[in-house]
Amino acid sequence: MTDTPQKSWQSRIGDGGGADTEGAKLAASFVESISYDRRIYKQDIAGSIAHATMLAKVGLINDTERDEIIDGLKSIERDIEANNFTFDESLEDIHMVIEDALIKRIGEPGKKLHTGRSRNDQVATDLLLWLGTAAGVLTDSIKNLQSVFVQLAERSADVVMPSYTHMQRAQPINAGAEALAWATSMDFAFYGLNAIYPGNTNSPLGSGAIAGSSLPLDPEFSAMVMGFRRPPRNSIFHTASRDDAVAFVFYCAMISMHLSRWAEQWIIYMTTEFSFLKIADKYTTSSSMMPQKRNPDMLELIRGRCGNVYGDLFALMTILKGLPIGYNRDLQEDKRIVFRAYDTVSSCLTMAAAIVSSASYIKENIEPTLDRGFLDATSLAEYLVTKSVPFRTAHHIVGSLVARCEKEGKHALSQLSLKEFEEAVREKAPDAKIGQDIFDALGARNVVKRYQSAGAAGGKPFEEQLKAWKARLGI
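Residues numbered from 1 in each chain as written. Predicted model: local features only at pLDDT ≥ 70, side-chain atom pairs only at ≥ 80, totals over all residues. Heavy atoms only, no water.

So, the overall build of the chain
1) Next: The helix and strand inventory of the chain stands at 21 helices and 4 strands.
2) Next: In terms of overall dimensions, the chain is more spread out than a globule: its C-alpha atoms have a radius of gyration of 31 Å, far above the 23 Å expected for 475 residues.
3) Next: Taken along its principal axes, the extent of the C-alpha atoms in the chain is 105 × 55 × 40 Å.
4) Next: Residues classed as buried in the chain amount to 48% of the 475 residues present.
5) Next: Restricting to contacts in the chain with at least 6 residues of sequence separation, those with at least 24 account for 76%.
6) Next: Of the roughly 23,000 Å² that the chain leaves accessible, carbon and sulfur atoms contribute 52%.
7) Next: Across the chain, 53 positive and 59 negative side-chain charges occur, with their mean positions spaced 5 Å apart. (Helix = DSSP H or I, 4+ residues; strand = E, 2+ residues; numbered from the N terminus. Rg over C-alpha atoms; globule rule 2.2 N^0.38 Å. Buried < 20%, exposed > 50% of the residue type's maximum accessible area, 1.4 Å probe, protein only. Contact = heavy atoms within 4.5 Å. Areas by Shrake-Rupley, 256 points an atom, 1.4 Å probe, with all protein chains shown as cover. Lys, Arg positive; Asp, Glu negative; His and termini not counted. Charge placed at Lys NZ, Arg CZ, Asp CG, Glu CD.)

What follows is the structure, encoded as structure tokens:
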């Protein structure tokens, strides 16, 4: 006859006056986490296999018991993956559910698995293992998004467009350079997430509940089996640390922030007033009342969900800020937050990649307006610098010329004559010699071709960026 399942602590506390009472049911429902922490079953099983292997190594269980435990754990994993496993919520969490199932399958050896281990160091270990896997998934998604931005950059390499500072026209750029800017924006989170994996941190396993164990454990061995850098440095710290979880959610928030900025820019570009960009109709919706509408709802949702991930980051840090060192049950809430942030960011990255893959700049709408806003003013000032005019003087000269154009109803600096340029320069820099080549510095396309500085938004620097990205991503 199978024993009635009990919580790991029930012999000390009891059943609260009867397991079938409304109060007991309320308490059980309130403390359970199996409804969401079941998603770390793989990590829990991997940690348990490492722990059992270590217990056999130090002689706390024999090799036969170790093999039975490992076989039993693997059979549970297979059943979960085959959707042939019942998660008993009365057992609170994934750790107790798996241990209870193991005992039912293999008997007494299963009761030895928890030797020298607490749920405190067990869950800390499982979470770190899960974070490493999740970080890998997100970096793959980032790499995919960067790839489609690079592809957009390549197919937009002949499009010249205005850039904006203060939401005012600034300098002309290659449209592909802006696509590469968005690819580059993902690198901070990409490299940060790459650092979140077991090999970069210490294993909590062996810390026990808080103070370690008097048993002859070998945490260094179990750490090695799981791929951690080394065993716990301090058992008190490692049972309660969620630093890697905070870092993970922080990088999720950074991804969300950059995606939100990108979504905002493209929403603007898709307005009738701009008409710079088109994405596939399937990533837009219409209106229930206005039949002409083509709304960028997917971009708007990406922008909106950024706030949810910010909330997740602050929620986790707020939970942690008031906790004395050592495990407290508040930490059970960490997984809700981490999983939610991961799910949100993962889906947004996937949607973003799909949108970018479908996007194209509308060259025929962009280029006819490039003479608006005097985008070549900085280029003209830099041309004068090459004629030995101090930059501040050149800046003043060009500013005066822009004001003159506006006063005279001219919309482009190139509408001025060479004689007018010579007169303006002579007044402020009489020794400067300018010629017909001044017009090579004017006009958006000419300006974009002239860029030379590293990382610039056109010319050879853009070509070098594109080449480097393609090499990095294997495109």
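Some remarks on helix α19 (residues 418-428)
1) Next: Where α19 is concerned, the buried positions are Glu420, Phe421, Ala424 and Val425. The buried residues of α19 occupy an angular sector of 130° when projected down its axis, which confines them to one face. In α19, the exposed positions angled more than 90 degrees off the buried face are occupied by Lys419 and Glu427.
2) Next: For α19, the secondary structure elements touched by its buried residues are α17 (377-385) and α18 (391-408). (Arc of directions from axis to C-beta.)

Examining the nonpolar core
1) Next: Of all hydrophobic cores here, the largest spans 105 residues; its most connected members are Leu145, Phe248, Leu259, Trp262, Trp266 and Tyr361.
2) Next: Ranked by residue count, the leading element in this core is helix α8 (residues 119-155), at 15 residues.
3) Next: Look past the residues within four positions of Trp262 in its chain and what remains in contact with it is Phe149, Trp182, Leu299, Ile302, Ala352, Ile355 and Val356.
4) Next: By size, the runner-up hydrophobic cluster in this structure holds 24 residues, among which are Ala394, Ile397, Val402 and Ala441. (Core = buried A, V, L, I, M, F, W, Y, C linked by side-chain atoms within 4.5 Å.)

Considerations on the environment of Ala240
1) Next: With respect to the secondary-structure elements, Ala240 resides in helix α12 (residues 235-240).
2) Next: With 87 residues separating them along the chain, Ala240 and Ala153 place their C-alpha atoms 46 Å apart.
3) Next: Among all residues touching Ala240, those that are not within four sequence positions of it are Gly326, Tyr327 and Leu331.

Brief notes about the side chain of Glu420
1) Next: Along the chain, Glu420 turns up in helix α19.
2) Next: Sequence-distant contacts of Glu420, defined by excluding residues within four places in its chain, comprise Arg404 and Gln415.

Looking at the confidence of the model for the chain
1) Next: Averaged over every residue, the pLDDT of the chain is 95; the share at 70 or more is 96%.
2) Next: A low-confidence stretch, residues 1-5 stays under pLDDT 50, and its non-local contacts, those more than four residues away or across chains, total 5 contacts. (pLDDT = per-residue confidence, 0-100.)

Quick notes on the packing of helix α4 (residues 41-57) against helix α6 (residues 94-106)
1) Next: Two elements in contact, α4 and α6, have axes separated by 10 Å at closest approach and are oriented at 60°. Our classification of the angle between α4 and α6 gives oblique. Between α4 and α6 lies a crossing whose hand is right-handed. For the pair formed by α4 and α6, the contact residues are Tyr41, Asp44 and Ile45 on the first element and Ile94, His95 and Ile98 on the second.
2) Next: Residue composition of the contact of α4 with α6, by class: 4 nonpolar, 1 polar and 1 charged. (Axes fitted to C-alpha atoms, helices over the stretch in contact; angles between N-to-C directions. Parallel < 35°, antiparallel > 145°, perpendicular 65-115°, else oblique. Left-handed = near helix turned anticlockwise from the far one by under 90°. Nonpolar A, V, L, I, M, F, W, Y, C, P; charged D, E, K, R; others polar.)

Quick word on helix α5 (residues 63-81)
1) Next: Along its 19 residues, α5 runs 27 Å from first to last C-alpha, staying within 8% of the 27 Å computed at 1.5 Å per residue.
2) Next: Of all the residues in α5, the buried ones are Glu65, Ile69, Ile70, Gly72, Leu73, Ser75, Ile76, Glu77 and Ile80.
3) Next: Close packing links the buried residues of α5 with α4, α6 and α7 (108-111).
4) Next: Here α5 starts with a cap whose side-chain oxygen sits 3.1 Å from the backbone nitrogen of Thr64, and that cap is Asn62.
5) Next: Count one or two residues on from α5 and you reach Asn83, which has phi positive near 60°. (Expected span 1.5 Å × (residues − 1). Polar contact = N/O pair within 3.5 Å; in protein donor to acceptor, adjacent residues only side chain to side chain.)

Brief notes about unusual backbone geometry
1) Next: Here the phi dihedral of Asn83 falls at roughly 60°; this positive angle occurs in a residue that is not glycine.
2) Next: Locating Asn83 in the fold gives a position in the loop between α5 and α6.
3) Next: Residue classification places Asn83 among the exposed residues on the basis of a relative accessible area of 71%.
4) Next: In this structure, Ser275 is a non-glycine residue whose phi angle is positive, near 55°.
5) Next: Here Ser275 is to be found in the loop between α13 (243-269) and β3 (277-278).

What about the environment of Pro296?
1) Next: With respect to the helices and strands, the residue Pro296 is situated in the loop between β3 and α14 (297-321).
2) Next: Not counting residues up to four positions away in its chain, the partners in contact with Pro296 are Ile267, Met270 and Thr284.

Quick look at the pattern of salt bridges
1) Next: Counted according to the given criterion, the structure contains 28 salt bridges.
2) Next: Among the ionic pairs, Asp281 bridges to Arg294, the shortest N-O distance being 2.7 Å. Remark: Arg294 occurs in the loop between β3 and α14 and Asp281 occurs in the loop between β3 and α14; sequence separation between them is 13 residues.
3) Next: Classification of Arg294 as partly exposed rests on a relative accessible area of 33%. (Salt bridge = Lys/Arg side-chain N within 4 Å of Asp/Glu carboxyl O.)

Here's the deal with the pairing of strand β1 (residues 160-165)
1) Next: Strand direction decides the pairing type here: β1 and strand β2 (residues 168-174), joined by 5 bridges, are antiparallel. In the strand pairing of β2, Met161 is matched with Ile173.
2) Next: Between β1 and β2, which pair antiparallel in sequence order, lie 2 residues; one of them, His166, sits at a positive phi of approximately 55°. (Pairing = 2+ DSSP bridges.)

Topic: the packing of aromatic side chains
1) Next: Taken as a whole, this structure holds 17 aromatic pairs when the rule is applied.
2) Next: Pairing Phe188 with Phe250 gives two aromatic rings, centres 6.2 Å apart and planes at 85°, and the pair type is edge-to-face. Residue Phe188 is found in helix α10 (residues 187-194), and its partner Phe250 is found in helix α13; the two are separated by 62 residues along the sequence.
3) Next: Looking at Phe188, the relative accessible area reads 46%, which means it is partly exposed.
4) Next: Seen in terms of ring centroids, Phe188 and Tyr251 are 5.7 Å apart; in terms of plane orientation they differ by 55°. Their pairing is tilted. Linking Phe188 in helix α10 with Tyr251 in helix α13, this pair joins segments that are 63 residues apart in sequence. (Phe/Tyr/Trp six-rings, centres within 6.5 Å; stacked < 30°, edge-to-face > 60°.)

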